[in-house]
Amino acid sequence: MPGAELAALAAELRARAELLDEGDWSAAPLPAAPAAPETPVTLESLAAEVSACRKCPLGATRIKPAFGVGSPKAEVMFIGEGPGYEEDRKGEPFVGKAGQLLDKILAAIGLSRESVYIANVVKCHPMLDPTQPDTRGNDRPPTAEEMAACRGYLEAQIALIRPRALVALGSTAAKCLLATEDGVGRLRGRWHDFSGTPLLVTYHPAALLRDETYKRPVWEDMKALKARLEEK
Ligand code: URA
């Protein structure tokens, strides 16, 4: 039995003995049996759980869950919205056009897919028409209910990886992590807090593909991230 549990049990027994001395032994509760040791949660066990997940309807219609990719010891975690067509096929976040742009953004500040950790607020592909997983252009943002159902997995990933910084890519991720209705324009350019971990919000790479004017603010955000990671 671990030391802390032994000490707690000893304290409980002492308290019972005192009650017995006072003759009020009927009120003394029985000490609880020590709990059976739990199997520790790992990224692998969490990924297996996600594979079987049916907490929301997305689990039944996706092809493969896109759990997360990168280093389990990453100093920074990038969080997007949800898997799209390409990610659903590969079972990996950010592998389509937006993902290729994210790779370039990472490279610009000396990072890579392998050195960071990349995940989404939902692990399964949200589709406009879930009966057509083989149709392109069938992606949609996750609903609030889908994000709430999946949130525990993201929180567990963050707790296991313990990154020094989080980056929310786009307003859906920001909304989920910061419980805000504000858009990226209002949220970017300063550090937020997610349960004790500094969090930066920037534009989603897919937004950059649509509108080049987002390039400069994203570059500024990435410089701020790099500076933060360089702090000892
Ligand atoms: N967009 C996202 O938000 N996540 C992905 O994994 C791919 C595209």
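Analysis parameters
Residues numbered from 1 in each chain as written. Predicted model: local features only at pLDDT ≥ 70, side-chain atom pairs only at ≥ 80, totals over all residues. Heavy atoms only, no water. Salt bridge = Lys/Arg side-chain N within 4 Å of Asp/Glu carboxyl O. Helix = DSSP H or I, 4+ residues; strand = E, 2+ residues; numbered from the N terminus. Buried < 20%, exposed > 50% of the residue type's maximum accessible area, 1.4 Å probe, protein only. 1 Å grid on protein atoms, 1.4 Å probe; cavity = no way out; pocket = protein on both sides within 12 Å on 5 of 7 lines; lining within 4 Å. Points joined across faces, edges and corners; volume = space filled by probe spheres on them. Nonpolar A, V, L, I, M, F, W, Y, C, P; charged D, E, K, R; others polar. Axes fitted to C-alpha atoms, helices over the stretch in contact; angles between N-to-C directions. Parallel < 35°, antiparallel > 145°, perpendicular 65-115°, else oblique. Contact = heavy atoms within 4.5 Å.

Caption draft 1: The arrangement of the pattern of salt bridges in detail. Summed over the entire model, instances satisfying the criterion amount to 14 salt bridges. Put simply, D103 and R113 hold a salt bridge, and the shortest N to O gap is 3.1 Å. Of the two residues, D103 is situated in helix α5 (residues 97–108) and R113 in the loop between α5 and β3 (117–120); the sequence distance between them amounts to ten residues. Accessibility expressed as a relative area gives 28% for D103, which makes it partly exposed. The class for R113 is buried, based on a relative accessible area of 12%. One salt bridge connects K215 with E212, and the closest N-O pair in it is separated by 3.7 Å. Judged by its relative accessible area of 48%, K215 is partly exposed. Residue class for E212 comes out exposed when judged on its relative accessible area of 58%. Residues participating in the shared-partner salt-bridge network are K90, E92, D103 and R113.

Caption draft 2: Structural view of the layout of surface pockets. Of the pockets and cavities examined, the largest pocket occupies roughly 670 Å³. What lines the largest pocket is a set of 30 residues, among which G84, A98, D139, H204 and A206 lie closest to the centre. When contributions to the lining of the largest pocket are tallied by element, the ones reaching two or more residues are α4 (85–90), α5 and α9 (205–210). A per-class count over the lining of the largest pocket returns eleven nonpolar, eleven polar and eight charged.

Caption draft 3: Region of the structure containing the packing of helix α6 (residues 144–161) against helix α7 (residues 171–178). The interhelical angle for the contact between α6 and α7, taken along N-to-C directions, is 75°, at an axis separation of 11 Å. In terms of orientation, α6 and α7 fall into the roughly perpendicular class. On the side of α6, the interface is formed by M147, R151 and L154, while α7 contributes T172, C176 and L177. Looking at side-chain class alone, the contact of α6 with α7 contains four nonpolar, one polar and one charged residues.

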